[in-house]
Amino acid sequence: SCSRLTPNEKFLMAADLGIDQIKIYRFNKQEGKIAVLDAIRCERESAPRYFMFSSDGRFLYVLYELKNVIEVFSYDKGDRTPVFEKLQTISTTDSGPNSLTAACAMHFSPDEKHIFCSNAGDDTVTMYERDEETGLLTMRFCLPTSGDYPKDIAIFPDGRHIAVINYEGSITFFRVDYEKGLLVMNARSLKVNEPNCCEIV
């Protein structure tokens, strides 16, 4: 469900949601080949859906679709294989795990001081403060998206506005009030046909 290179680009990682693992492959850039090396073995039926590294290359963040949590790992490039150590597990909702909720998307704010995630079924967006030194997260809010089944979030370059991609057929727009911990709807929603993801370029 997600793949990306490690910060040193020596390894390729791929989240296998079906078997609850994040596979780690050795990546040969010159030959364009990969070879399986190791895996992060996640909790059974947790469904790792999405992951991302902090830009300083020190931390890995993993979003679990069924477990409804984000896990924070420290990252070290290691000598032969990447080394990860789990630092934190934090809920994606303020109501705890729910079989009807699927954590779907996770993104940094442009300054990486915050992380946003969307929760389909619960139909909420959650924002966390991120400690840049420790990598740890603190939930600031978990609020409704005014749409059903939010599959993705697009964060505008100013870091003050977001678009929520609701699979039921709409995109809703909000201003982020970081100081008060609020989302304020600030534009008319757009009707679209079953949107799945969005990128602002």
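What counts and what doesn't
Residues numbered from 1 in each chain as written. Predicted model: local features only at pLDDT ≥ 70, side-chain atom pairs only at ≥ 80, totals over all residues. Heavy atoms only, no water. Buried < 20%, exposed > 50% of the residue type's maximum accessible area, 1.4 Å probe, protein only. Helix = DSSP H or I, 4+ residues; strand = E, 2+ residues; numbered from the N terminus. Pairing = 2+ DSSP bridges. 1 Å grid on protein atoms, 1.4 Å probe; cavity = no way out; pocket = protein on both sides within 12 Å on 5 of 7 lines; lining within 4 Å. Points joined across faces, edges and corners; volume = space filled by probe spheres on them. Nonpolar A, V, L, I, M, F, W, Y, C, P; charged D, E, K, R; others polar. Axes fitted to C-alpha atoms, helices over the stretch in contact; angles between N-to-C directions. Salt bridge = Lys/Arg side-chain N within 4 Å of Asp/Glu carboxyl O. Core = buried A, V, L, I, M, F, W, Y, C linked by side-chain atoms within 4.5 Å.

Draft legend 1. Main features of the pairing of strand β7 (residues 69-76). Taken across its 8 residues, β7 has 6 buried, putting it largely inside the fold. Bridge analysis of strand β6 (residues 59-64) against β7 gives 6 bridges, and the strand direction is antiparallel. Across the sheet, residue Y61 finds its bridge partner in β7, namely V72. Linking β6 back to β7 in an antiparallel pair, the connection comprises 4 residues, with N68 at a positive phi of about 55°. As paired elements, β7 and strand β8 (residues 83-91) share 8 bridges and run antiparallel to each other. When the sheet's bridge partners are listed, V69 is paired in β8 with S91. Between β7 and β8, which follow one another and run antiparallel, lie 6 residues, and G78 among them has a positive phi close to 65°.

Draft legend 2. Seen up close, the layout of surface pockets. The volume enclosed by the largest pocket comes to roughly 190 Å³. Every residue lining the largest pocket is listed: S1, R49, Y50, C104, A105, H107, K151, D152, N196, C197, C198 and E199. Of all the secondary structure elements, the ones that give two or more residues to the lining of the largest pocket are β5 (48-53), β9 (102-108) and β13 (150-155). When residues of the lining of the largest pocket are assigned to their parent elements, the largest contribution, 3 residues, is made by β9. Tallied by class, the residues present in the lining of the largest pocket amount to 5 nonpolar, 3 polar and 4 charged.

Draft legend 3. Quick look at the pairing of β9. With 7 of its 7 residues buried, β9 lies for the most part within the structure. In this structure, β9 lies alongside strand β10 (residues 114-120), joined through 6 bridges in antiparallel fashion. Considered in β10, the bridge of M106 is made with C117.

Draft legend 4. Region of the structure containing the sheet that holds strand β11 (residues 124-130). Spatially, the 4 strands line up as an open sheet ordered β9-β10-β11-β12, and their pairing is antiparallel. Here the strands that pair on one side only, and so sit at the sheet edges, are β9 and β12 (137-144). Strand after strand, the sheet turns through a mean of 20° between neighbouring axes, direction not considered. The pairing of β10 with β11 spans 6 bridges and is antiparallel. In the strand pairing of β11, N119 is matched with T124.

Draft legend 5. Examining the pattern of salt bridges more closely. By the definition in use, this model includes 12 salt bridges. The partner of E9 in a salt bridge is K29, with the nearest N and O atoms 3.0 Å apart. Of this pair, E9 sits in the loop between β1 (2-5) and β2 (11-16) while K29 is found in the loop between β3 (21-28) and β4 (33-41), placing the two residues 20 residues apart along the sequence. By relative accessible area, K29 is classed as exposed at 55%. Put simply, R58 and E133 hold a salt bridge, and the shortest N to O gap is 3.7 Å. With R58 in the loop between β5 and β6 and E133 in the loop between β11 and β12, this residue pair connects regions lying 75 residues apart in the sequence. What you see here is one network of salt bridges that share partners, running through E43, K67, E71 and K86.

Draft legend 6. Just the nonpolar core, in detail. Ranked by size, the top nonpolar core spans 32 residues in total, and within it Y61 and I70 carry the most contacts. When contributions to this core are tallied by element, the ones reaching two or more residues are β2, β3, β5, β6, β7, β8, β9 and β10. Examining the composition of this core, we find that 6 residues originate from one element, β6, more than from any other. Core analysis: the next-biggest nonpolar cluster, separate from the first, contains 12 residues, V125, I153, V164 and L183 among them.

Draft legend 7. Representation of the sheet that holds β4 within the structure. One open sheet accounts for 4 strands, arranged β1-β2-β3-β4; its pairing is antiparallel. Every other strand in the sheet has two partners, leaving β1 and β4 as the edge strands with one partner each. Pairwise comparison of adjacent strand axes, ignoring direction, gives a mean angle of 20° for this sheet. Where β3 lies against β4, 8 bridges are found, and the strand directions are antiparallel.

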